[in-house]
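Examining the three-dimensional arrangement
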Amino acid sequence: MEFIEQYKPWIGEEESREVNNYLRGGGYLTEFRKTKEFADALRDFTGAKYCSIVANGTVSLTAACLALGIDKREDEVIVPDYTMIASANAVVMAGSTPVFADVEPGTMCLSLESLMRQVTARTRAIMLVSINGRYPDQLHEILDFCSHRKIAVIEDAAQSLGSFHQGRHVGLYGDIGSFSFSMPKIITTGQGGALVTNREDVYRRIELIKNFGRESAGIDKHIAYGVNFKFTDLQAVIGLEQLKKIQERIQRKKANYSRLREGLKGNPVAFFATSEDVVPWFNDILVEDPIGLQNHLKQLKIGSRPFYPTIHTQAPYHQAGEFPHATYLSTHGLWLPSYPQLSISDMDRIVEGVASYYR
Ligand SMILES: *Cc1c(COP(=O)(O)O)cnc(C)c1O
């Protein structure tokens, strides 16, 4: 029996053909026309007014902070204590300070109540992380709170490409939204990131920041501080092909998630409320003993991965604080195999594997 990984990439003939065509066509490899095409395709897919492509989904968040002028030690950004650690690290890289807040137990997203407790006169932005494509239940209250206090909203939508909320793509409720194309994300270019925004001023600043502050490409006149967060056309060629097939990836993810939910009914396994407009990026479950279940599945040649640790317990941020929901989630969650090419028989094996732990 083959080992079912928790995740693996899905690269088809189309990607392989287009990369070869690109290389044979004598492309410049670095970002140029193909990257622009990829940005335009993502802009159209999400419905954003502007889209910039950058090297990954961490520097995208750093660029977002810099573009909003959030770059000083005294500038605080509220980050959920439950997220992938890049959401916090990107704030530090921009020169500002992350302040942690607890999350909603039902969505794993930033909680309004905790946000209100952590906010200070120095709060410049929040990092609104749409964990697994889902928004917080109190999204609109959070957005109103921030808008009244002139606090910027940076959306870390790294996991949310293809997820919508009330007809709008996730990542477009805030000032700027960020996506990642690392290997396990909804589509992948190996490494890669994108920023979407409806604000022209923010878009213009991102384009400067990612390319040494150059007013126009290839001309060494620098009108702002900038670094090198650029992408490559070689990756853009892959991204364009992945994006063409995104609907199939989304449908498969949704169908596999439903199969899991149905199949595990009656077991002591909890699922998060998930609207039809959300693409469940990872098949996330809450159980009493995730490590026990993980070990059991491993013996059955099924991979899984425990949820992220809480950020406040990790070496770079180690600090006291009460984050009961984040703490509960990070010690009770397990990601089951989640790659879109999982077949119906793979899903049956996973369901049976989990159920057998509870028999
Ligand atoms: C993957 C991820 C990132 C980081 O993206 P990279 O492209 O790996 O740098 C940031 N935030 C969240 C929520 C993620 O899932």
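Residues numbered from 1 in each chain as written. Predicted model: local features only at pLDDT ≥ 70, side-chain atom pairs only at ≥ 80, totals over all residues. Heavy atoms only, no water.

In terms of helices and strands, the protein carries twelve helices and twelve strands. Relative to the compact-globule value of 21 Å for 359 residues, the protein shows a C-alpha radius of gyration of 20 Å, a close match. Along the longest, intermediate and shortest principal axes, the C-alpha atoms of the protein span 70 × 55 × 40 Å. Burial statistics for the protein: of 359 residues in total, 55% are counted as buried. Of all intrachain contacts in the protein linking residues separated by at least 6 positions in sequence, the fraction that spans at least 24 positions is 69%. By element, 52% of the accessible surface of the protein is carried by carbon and sulfur atoms, the whole surface being about 15600 Å². (Helix = DSSP H or I, 4+ residues; strand = E, 2+ residues; numbered from the N terminus. Rg over C-alpha atoms; globule rule 2.2 N^0.38 Å. Buried < 20%, exposed > 50% of the residue type's maximum accessible area, 1.4 Å probe, protein only. Contact = heavy atoms within 4.5 Å. Areas by Shrake-Rupley, 256 points an atom, 1.4 Å probe, with all protein chains shown as cover.)

In the vicinity of the ligand, 16 residues are found, and the nearest of them are G57, T58, D156, S180 and K185. Contact between the ligand and Q159: an oxygen atom at 2.9 Å from a side-chain N or O atom of the residue. S180 places a polar side-chain atom, nitrogen or oxygen, 2.7 Å from an oxygen atom of the ligand. Compared with its free state, where it exposes 380 Å², the ligand has 92% of that area covered by protein. (Near = heavy atom within 4 Å. Polar contact = N/O pair within 3.5 Å; in protein donor to acceptor, adjacent residues only side chain to side chain.)

A word on the sheet that holds strand β1 (residues 50–54). Backbone-to-backbone hydrogen bonds pair the strands of a sheet. The strands run either parallel or antiparallel. Taken together, the seven strands give an open sheet; going across it, the order is β1-β9-β8-β5-β4-β2-β3, and neighbouring strands pair in mixed fashion. Both outer strands of the open sheet, β1 and β3 (97–101), are each paired with one neighbouring strand and no more. Shown here is a sheet whose adjacent strand axes are inclined to one another by a mean of 25 degrees, direction ignored. Note that strand β5 (residues 152–156) and strand β8 (residues 176–180) share three bridges and pair parallel. From the neighbouring strand, I154 faces β8, where its bridge partner is I176. Where helix α7 (residues 200–209) meets the sheet, it contacts β1, β8 and β9 (193–197), and its direction lies at approximately 20 degrees from that of β1. (Pairing = 2+ DSSP bridges. Axes fitted to C-alpha atoms, helices over the stretch in contact; angles between N-to-C directions.)

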